[in-house]
Amino acid sequence: MDGKEEDRHSSSAKSCKLVGTRADDGNSTHEAQSSMEVDTNIVDGISRPALTRLASEADYSIQGTYTVDTRDYEDHTFSGIMFDVVCKDTLPIQNLELTHVYVRGALGDMQIFTCTDSIRGPEPRGETRALSLKQGAKVEKHLDPEQWRCVHKETHQPSTDELKAMKLSPPVIVTPGKTIGLYVHSRAAHDQAIVYNNRRSEVTYEDRHFRVMPGLAHVSNIPFSKSCVWGYAWRDGREFVGRLKYAVKWKLWKPSNHALFPRCFREMVMVLLRCHKHRGSSLSILPKRVLLYIINFCAYDWAGIPEEVTSVLRINDLQQQARRRRDEAIRIQREREYRRAQSLKERGTNLITKNKFIQAANECSQALAILQNGAGARRRKILFVETMSQLSECCLRIGQGLDVSLSRMLDEMEDSKMRRENELHSHLRFLEQGATYGLILLSKINRITDSKFVARSHHIVAESRLQFGRLARQLRSLQLEESKGDEGKDRPATALSGLQDSSSPPPARRTHIMQEESALHAFRMAAAHYSSILHLNPDDSKAQSGLREARRVIEEMGHNAEKGNDEAEEEEEEDDGEEDGGGGEAERNEAESCRC
């Protein structure tokens with residue numbers, strides 16, 4: 001979107017009145033007093049001002065005049081965005097004052113930091129630089145909080161559709177030709193705090209006063225953190241999404257500032273001075289200091305819009321036209337993707353009614369792959385959550401043995417033991433996937449606006465874990481029966497028997513213990529999620545019965561584990577005694593051979 005500039009050509013000039021007057025600029029009123037020194041001389045009994053010094057800068061700023069909206073393609077959301085702001089030196093600007101930053105997202109505990117110079121340099125100086133050189137490494141600015149100062153710290157409510165204003169205190173000052181860095185960050189422990197874009201151009205936004213440059217995204221909720229659970233926590237090639245509000249303080253003309261003003265203004269000044277020297281001109285009756293005083297209060301665009309500004313405006317118009325075409329193409333593409341994903345989800349819903357859960361899961365997976373590429377709009381997020389919930393439920397139903405195609409394929413197996421073992425392994429795999437998708441869904445949804453999906457996700461995870469524990473125990477019992485039947489069978493001797501024994505897998509007993517621990521962990525997770533459901537709805541009968549079953553099995557497995565540990569210790573003691581006895585006999589045989 002384009003920046004909005006009110007009275008951009010002449011507001012500052014019309015605001016400039018003589019000492020003691022006031023200037024009304026839009027919604028705000030400013031005291032426009034010159035810092036010019038004034039003495040009074042008495043000539044013929046009349047007090048006349050003697051102008052001794054011209055002001056070099058205005059002592060007011062045009063507040064609330066300029067706002068900048070950057071492009072919003074809704075590409076990503078996460079914890080923070082860091083970028084540069086560059087003040088141009090093509091116009092006689094004293095400085096820019098950044099007063100507000102606007103962003104949107106789930107927000108939360110927000111902080112805004114600023115630094116001098118660019119976020120990509122220069123190298124730190126002083127003690128920080130000495131320490132970095134001593135350690136033999138360069139301290140990068142985005143990892144060094146000592147080079148930043150906080151200008152905003154406040155908790156904000158979620159605002160996913162509208163931009164939320166965040167006031168900078170004190171305002172951030174940018175002088176012409178200089179660069180400052182801004183770092184907007186949220187401590188919220190999820191990935192939806194702040195919306196930002198992929199980099200699409202060398203400059204994110206540009207107007208007559210300044211540029212907004214691409215920067216870095218931060219995917220950790222700890223400010224300036226280098227790493228996160230995904231590895232390196234910074235992503236290059238990202239753009240700020242939001243709005244910047246700033247004020248402008250202009251330089252005032254005087255002979256020493258003449259070269260800083262546009263050419264058309266300089267030509268106007270030279271014409272006025274030549275006319276003042278011409279005796280036939282009406283300007284010649286004014287004292288020269290009065291003429292300079294008048295020119296001192298003329299804005300830079302008093303002689304017309306300078307070429308430096310018109311060229312920027314033309315370039316901005318061309319860029320805006322290209323952006324509009326690109327935005328329209330992206331909008332059409334995303335609308336097509338949304339309809340495609342919606343169609344896939346509806347096909348999955350129809351397949352669920354026919355108990356074809358594997359095919360429905362494939363349709364949902366394709367829909368999620370489409371929605372993950374820039375799922376930023378509200379309706380896309382809702383469709384993403386609904387599709388993810390449907391996918392996790394499909395995996396749960398497959399794990400419960402309700403899919404007709406999987407059941408038909410397993411029935412074709414002749415060996416009943418092999419069929420049962422393959423069935424258990426398949427169901428366990430789908431139950432694990434269903435629980436994983438449910439946990440991902442819990443991390444994605446908003447606990448306030450998507451409360452109906454919270455209980456549903458907890459139900460899916462709890463049922464998946466509970467069924468996983470049941471089937472894991474059944475698989476353990478089946479494998480125990482097989483191991484008991486294979487105990488009397490002798491293994492064929494080979495030339496590598498000794499090597500195979502040294503690298504053989506752990507005994508069957510240890511495998512069964514690991515399976516028992518996996519089942520116990522599943523029951524504990526199910527109990528935790530059932531407790532969360534009852535915290536949301538204490539009258540949920542399904543959660544109550546599931547929690548009772550999970551706790552009963554946990555208690556039963558705890559007793560069995562203690563009993564199994566005692567038996568294992570007894571077996572180890574017997575094995576140690578046999579090894580000691582065998583060792584003594586071997587020593588006696590060796591001593592007898594030595595005597596011989």
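Residues numbered from 1 in each chain as written. Predicted model: local features only at pLDDT ≥ 70, side-chain atom pairs only at ≥ 80, totals over all residues. Heavy atoms only, no water.

Turning to the overall build of the chain, a few remarks are in order. If you tally the helices and strands in the chain, you get 13 helices and 21 strands. Summarising the internal contacts of the chain: among those between residues at least 6 apart in sequence, 77% fall at separations of at least 24. Surface summary for the chain: the accessible area is close to 32,800 Å², and the carbon and sulfur share equals 50%. (Helix = DSSP H or I, 4+ residues; strand = E, 2+ residues; numbered from the N terminus. Contact = heavy atoms within 4.5 Å. Areas by Shrake-Rupley, 256 points an atom, 1.4 Å probe, with all protein chains shown as cover.)

Okay, the packing of helix 3 (residues 263-277) against helix 4 (residues 288-296) next. Between two packed helices, the angle of one axis relative to the other and the distance separating the axes together describe the packing. At their nearest, the axes of helix 3 and helix 4 sit 11 Å apart, and the two run at 160 degrees to each other. Relative to helix 4, helix 3 is oriented roughly antiparallel. Here helix 3 runs over helix 4; the crossing is right-handed. Facing Phe-265, Val-269, Leu-272, Leu-273 and His-276 of helix 3, the residues of helix 4 in contact are Lys-288, Leu-291, Leu-292 and Ile-295. A per-class count over the contact of helix 3 with helix 4 returns 7 nonpolar, 1 polar and 1 charged. (Axes fitted to C-alpha atoms, helices over the stretch in contact; angles between N-to-C directions. Parallel < 35°, antiparallel > 145°, perpendicular 65-115°, else oblique. Left-handed = near helix turned anticlockwise from the far one by under 90°. Nonpolar A, V, L, I, M, F, W, Y, C, P; charged D, E, K, R; others polar.)

A word on the packing of aromatic side chains. Across all of its chains, the model carries 11 aromatic pairs by this definition. Ring geometry for Phe-113 versus Phe-224: centroids 5.1 Å apart, planes at 65 degrees, classification edge-to-face. Taken as a pair, Phe-113 in strand 10 (residues 108-116) and Phe-224 in the loop between strand 17 (215-218) and strand 18 (227-228) lie far apart in primary sequence, 111 residues in all. Joined through ring pairs, the aromatic side chains of Phe-113, Trp-148, Tyr-183, Phe-224 and Trp-234 make up one cluster. When the ring centre of Tyr-102 is taken as origin, the NZ or CZ atom of Arg-243, which lies over that ring, is 5.1 Å away. (Phe/Tyr/Trp six-rings, centres within 6.5 Å; stacked < 30°, edge-to-face > 60°. Lys NZ or Arg CZ within 6 Å of the ring centre and 35° of its normal.)

Let us look at the state of the cysteines. Counting across every chain of the model gives 0 disulfides. Of all cysteine sulfurs, the one in Cys-394 lies closest to Cys-395, which takes part in no disulfide; the gap is 6.9 Å. A residue is classified by how much of its surface remains accessible, and Cys-395, at 2% relative accessible area, is buried. (Disulfide = S-S within 2.5 Å. Buried < 20%, exposed > 50% of the residue type's maximum accessible area, 1.4 Å probe, protein only.)

Now for the pattern of salt bridges. Counted under the stated rule, the structure contains 16 salt bridges. The shortest N-O distance in the salt bridge between Glu-393 and Arg-397 comes to 3.6 Å. One end of the pair is Glu-393 and the other is Arg-397, both in helix 7 (residues 378-399) and 4 residues apart, which spans about a single turn. Between Glu-549 and Arg-470 there is a salt bridge, with the nearest N and O atoms lying 2.7 Å from each other. Here Glu-549, found in helix 13 (residues 541-595), pairs with Arg-470, found in helix 10 (residues 451-485); they are 79 residues apart in sequence, far enough to count as distant. Judged by its relative accessible area of 21%, Glu-549 falls in the partly exposed class. A relative accessible area of 31% places Arg-470 in the partly exposed class. Through salt bridges with shared partners, one network takes in Glu-393, Arg-397, Arg-456, Glu-463 and Lys-542. (Salt bridge = Lys/Arg side-chain N within 4 Å of Asp/Glu carboxyl O.)

Along a regular strand, successive side chains alternate from one face of the sheet to the other. Counting buried positions over the 7 residues of strand 20 (residues 234-240) gives 5, a clear majority of the element. By the bridge criterion, 3 bridges tie strand 14 (residues 194-198) to strand 20 in an arrangement that is antiparallel. Looking at the pairing, Tyr-196 lines up with Phe-240 of strand 20. (Pairing = 2+ DSSP bridges.)

For helix 6 (residues 357-371), spanning 15 residues, the distance from its first C-alpha to its last is 21 Å, which sits close to the expected 21 Å at 1.5 Å a residue. What helix 6 keeps buried is the set Phe-357, Ala-360, Ala-361, Glu-363, Cys-364, Ala-367, Leu-368, Ile-370 and Leu-371. (Expected span 1.5 Å × (residues − 1).)

In this section: the confidence of the model for the chain. Confidence in the prediction for the chain averages 76 pLDDT; 70% of positions are at 70 or higher. Residue range residues 1-48 is modelled with pLDDT below 50. Its contacts to residues more than four positions away, or to other chains, number 104 contacts. (pLDDT = per-residue confidence, 0-100.)

In this section: unusual backbone geometry. Note the cis peptide between Ser-169 and Pro-170, where omega equals 0 degrees. In this structure, Pro-170 sits in strand 12 (residues 159-174). Unlike most non-glycine residues, Leu-107 shows phi in positive territory, near 55 degrees. Its place among the elements puts Leu-107 in the loop between strand 9 (93-105) and strand 10. Its relative accessible area of 0% is what places Leu-107 among the buried residues. For Phe-224, which is not a glycine, the phi torsion comes out positive at approximately 65 degrees. When its relative accessible area of 8% is taken as the criterion, Phe-224 is described as buried.

Its place among the elements puts His-185 in strand 13 (residues 179-186). A polar contact is formed between the side chain of His-185 and the backbone oxygen of Ser-220, at a distance of 2.9 Å. Residues within four places of His-185 in sequence aside, it is in contact with Ser-79, Gly-80, Asp-109, Met-110, Gln-111, Ile-194, His-218, Ser-220, Asn-221, Ile-222 and Pro-223. (Polar contact = N/O pair within 3.5 Å; in protein donor to acceptor, adjacent residues only side chain to side chain.)

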